[in-house]
Amino acid sequence: MSIANLNGGQQLAVKYFIVAVVLFVAQILFGMLSGIQYLAPDFLQGVLSFNVTRTVHINAMIVWMLYGFIGSVYWLLEEESEIEVVGLKLGNLGFWVLTSAVAVVVLVFLFVQTGPGDDFTRWFVNEGREYIEAPRWADIGIVICMLIFFYNVAATFSKGKWSGIAGVLTLDLVALAGIYLAGMFYTTNISVDQYWWWWVIHLWVEATWEVLVACLMAWGLMKTLGVSRKIVTTWLYIEVALMFGSGILGIGHHYFWIGTPEYWFSIGGLFSALEPIPLVAMVVHAVYDSGVRHTKGNNNPALAWFITHAFGNFFGAGVWGFMHTLPQINLYTHGTQWSASHGHLAFFGAYATIIIAMFYIAAQYVRGQSSFGPALLGNGWKWKWALGLLNFGVVGMTVALLISGYEQSFIERAVGGSTWMGYFAAQIHPWFVQGMQWRMIFGLITSAGIVLLVWDLLTIGKHPAVEKSGQAQTAS
Amino acid sequence: MSSNIPWWSSEIFWKKTAIWVTGVMFVVLIALTLNTLPQISVGSERVPAYSVINKHIGYEFNDERNFQVPVIGGDAPLFGKVLSEEEAEALVTHGKKVTQGRNCMGCHTLLGNGSYFAPDLTKAWLDPGWSSEGEREQMMIDFLMHPQENARSFGSGRTMPDLHISEDEAKAVIAFLKWMSSIDTNGFPYNFTVIDKEG
Ligand code: HEM
Ligand code: HEM
Ligand SMILES: [Fe+2]
């Protein structure tokens, strides 16, 4: 590994990427533990009960994805602005502070787990609100580190060159960080609590994160395929208009049943139903550009993951989201395995994929290769199998969860009236249990994919195969 | 060449569109938020005051709205003790903080949001599983304090872990659950069977 030929921003990006990969592995590990607990409820009960394993599973996911995004932005920052990162030292400090904070939070989740119903618990142990369980002190630490990151980005672009991508990215980061504040207060009123909680969750994944990855996609298509800047920039503006145009009010699909007034049925139903449009547009864009260039890029694994992102985003968020977004359907599917099915395909398809693409772009530079193509050792079998196993595994889990979800919405919700007994009637039904079993089988396939992915990232391009021209390369 | 680009595919047109669309949508969201928040403040029609725990709470079909809505009835003080507005708020607040501190949402859904490993708690107070209204309070205390001994998991083998909930904490949690069951959730959960209304 020769980090020396990277620019300053890229060196910092690699640090973020390494932590991201570690947390990705942790996410899968704890996902497997949670999944096992569905089938063997006594497994680790009382030691690492389901609420602990699940909390680590989803928090590791949120954090590794944020690390992936931050790393990606640092990666392209100097190239895009054409100057060195402003305040890089501070940025490095921010990385270490954030990483220490994350480590402490994980240890507290694992070893302290819960606390009494007082303010100390919320400040230092667990906030007990899904996805943003991190205690308050950590929230504040995260905000400070995000400000440092934002300072690096904004100051660098201001001093260097502004581009369309730079502008969208900078404004999007303001929104992304600002929205996090909506989740940083306590209220006993659970309706108001969940109202703002959804600002963080929904306005992140269906608005600001989507725009962030649209920026990465724009940059990535220029990078891997050489699409012209004018085309990707215009396209990026179209994406932003469609995404924010539907996604901001699309938040209404979470305001059907939390106490909020009935008018959210129409607003949430209508605007969230439009959310798939920008995702279709992105598929068209990516596929068209690849087709025009006969998918001849200089980094095949990255390009493959960018394309997977376009499709994964469309299916996971667009199709799977649409399936349960109308109130008439959501009444029965709300809070069932349907949500889990959609959550898995959407987070993987939309976000894991594009960050993995960025990992591969970084790997190419770190290994100092002019291309990741046919010259890879074994024709690049590792990245191809990792891609295949991860996608097959997650799609399989998604379908298994959907089958359980159908069963649950019929038996618990429609027939059983959602009582305690109705809930368990659905949980012990063979169709539900089989779904859970298949989820574990595909979970194992996903796990195999991640092992291969990590192995590949550690080794790709280290020992290039003999070039087609026949001249031998010196092994590093 | 650039003169050949029609206005609808020009960069500047879409840049302006993006800015305007985002701005308008955000302003509309703020306006809707300002309209919604008062309607879900504690003491509003949709989200009753905390002292509702002094009353009987039902969940009955409403012909006009075509789904079940919470119905606040006569006096039925929780644990037999009428609380003032402040006392009720303090108790429900403690209960909500216990649910956050013990990470209940790590297994359950509340108002349908959370995890799917255990039953939804939105109308847990009204669940027919608590035998009858007369036995309910004691059964809930026993369950929360000793979930392993009092498990009712209908052959799934899934039990709630012992979260070392004290009696005071259990009572506070029950107050929170009772208050939550009075929130108007637009008919979610649908077709729910209310305690003492079976058959
Ligand atoms: C990449 C983008 C997206 C991601 C990562 C994502 C992820 C998620 C997750 C994890 C949940 C479950 C939240 C919970 O734990 O309670 C959820 C809920 C939901 N999502 Fe998405 N989503 C995305 C896009 C969409 C889109 C585009 C739509 C609609 C077209 C949609 C519709 C819904 C609905 C209706 C729910 C509520 C489910 C319920 O009632 O339980 N999502 N989403
Ligand atoms: C080996 C693979 C995996 C297994 C066995 C697994 C298992 C689980 C389990 C058991 C839950 C709890 C669901 C519940 O509350 O009932 C969960 C939640 C979740 N997992 Fe995974 N998971 C895996 C991989 C992933 C991946 C790759 C992603 C995304 C990149 C992901 C994202 C999520 C999300 C967003 C939730 C919350 C869903 C919601 O609340 O609706 N998981 N997972
Ligand atoms: Fe959403």
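Below, the structure is looked at part by part. What you are looking at is a predicted structure, and each value in this text was computed from that prediction instead of being measured. (Residues numbered from 1 in each chain as written. Chains lettered and ligands numbered in written order. Predicted model: local features only at pLDDT ≥ 70, side-chain atom pairs only at ≥ 80, totals over all residues. Heavy atoms only, no water.)

1. Considering the interface of chain B and chain A
Often the size quoted for an interface is simply the accessible area lost on bringing the parts together.
(1) Moving on: Each side of the interface is counted separately: chain B has 83 residues, and chain A has 84 residues.
(2) Moving on: Taking both partners together, chain B and chain A bury about 7,200 Å²; carbon and sulfur atoms supply 64% of that area.
(3) Moving on: Taken together, the links from chain B to chain A amount to four salt bridges.
(4) Moving on: Of the charged contacts, one joins Asp193 of chain A and Lys96 of chain B as a salt bridge, the two residues approaching to 2.7 Å between their closest N and O atoms.
(5) Moving on: At the junction of chain B with chain A, the criterion picks out 38 residue pairs in polar contact (both at pLDDT 80 or more).
(6) Moving on: Of all the secondary-structure elements, those providing two or more residues to the side of chain B that touches chain A are helix 1 (11-39), helix 2 (85-101), strand 3 (109-110), strand 4 (113-114) and helix 4 (167-180) of chain B.
(7) Moving on: Looking at the side of chain B that touches chain A, the element that brings in the most residues is helix 1 of chain B, giving 18 residues.
(8) Moving on: Partitioning the side of chain B that touches chain A into residue classes produces 40 nonpolar, 31 polar and twelve charged. (Contact = heavy atoms within 4.5 Å. Buried area = accessible area lost by both parts, 1.4 Å probe. Salt bridge = Lys/Arg side-chain N within 4 Å of Asp/Glu carboxyl O. Polar contact = N/O pair within 3.5 Å; in protein donor to acceptor, adjacent residues only side chain to side chain. Helix = DSSP H or I, 4+ residues; strand = E, 2+ residues; numbered from the N terminus. Nonpolar A, V, L, I, M, F, W, Y, C, P; charged D, E, K, R; others polar.)

2. Some thoughts on the packing of helix 2 (residues 50-81) of chain A against helix 5 (residues 136-159) of chain A
Residue and element names in this part refer to chain A.
(1) Moving on: Across the interface, helix 2 lies against helix 5 with an axial gap of 10 Å and an inter-helix angle of 15 degrees. The angle between the axes of helix 2 and helix 5 places the two elements in the roughly parallel class. Between helix 2 and helix 5 the crossing geometry is left-handed. Residues Ile70, Val73, Tyr74, Leu77, Glu80 and Ser81 of helix 2 touch helix 5, and the partners they reach there are Met146, Phe149, Asn152, Val153, Thr156 and Phe157.
(2) Moving on: A per-class count over the contact of helix 2 with helix 5 returns eight nonpolar, three polar and one charged. (Axes fitted to C-alpha atoms, helices over the stretch in contact; angles between N-to-C directions. Parallel < 35°, antiparallel > 145°, perpendicular 65-115°, else oblique. Left-handed = near helix turned anticlockwise from the far one by under 90°.)

3. A look at the pattern of salt bridges
(1) Moving on: The full count for this structure, using the stated rule, is 20 salt bridges over all chains.
(2) Moving on: Between Glu127 of chain A and Arg129 of chain A there is a salt bridge, with the nearest N and O atoms lying 2.6 Å from each other. Each member of the pair, Glu127 of chain A as well as Arg129 of chain A, carries the same accessibility label: buried.
(3) Moving on: With a shortest N-O distance of 3.8 Å, Arg46 of chain B and Asp184 of chain B are connected by a salt bridge. Taken together, the residues span a long stretch of sequence, with Arg46 of chain B in the loop between helix 1 and strand 1 (55-62) and Asp184 of chain B in the segment after helix 4 at a distance of 138 residues.
(4) Moving on: By relative accessible area, Arg46 of chain B is classed as buried at 10%. (Buried < 20%, exposed > 50% of the residue type's maximum accessible area, 1.4 Å probe, protein only.)

4. A word on the coordination of the iron ion (ligand 3)
All names here are of chain A.
(1) Moving on: At the metal site, the iron ion (ligand 3) is ligated by His202 (ND1), Glu206 (OE), His253 (NE2) and His254 (NE2), and these contacts range over 2.0 to 2.2 Å.
(2) Moving on: Given four donor atoms and angles of 84 to 147 degrees at the metal, the environment of the iron ion (ligand 3) is assigned as irregular.
(3) Moving on: The sequence motif formed by the donor residues of the iron ion (ligand 3) is H-x3-E-x46-H-H.
(4) Moving on: A gap of 4.3 Å separates the iron ion (ligand 3) and the iron atom of ligand 1. (Donors = N, O, S within 2.8 Å, 3.2 Å for Na, K, Ca; no water. Tetrahedral: all angles 85-135°; square planar, octahedral: opposite > 155°, others 65-115°.)

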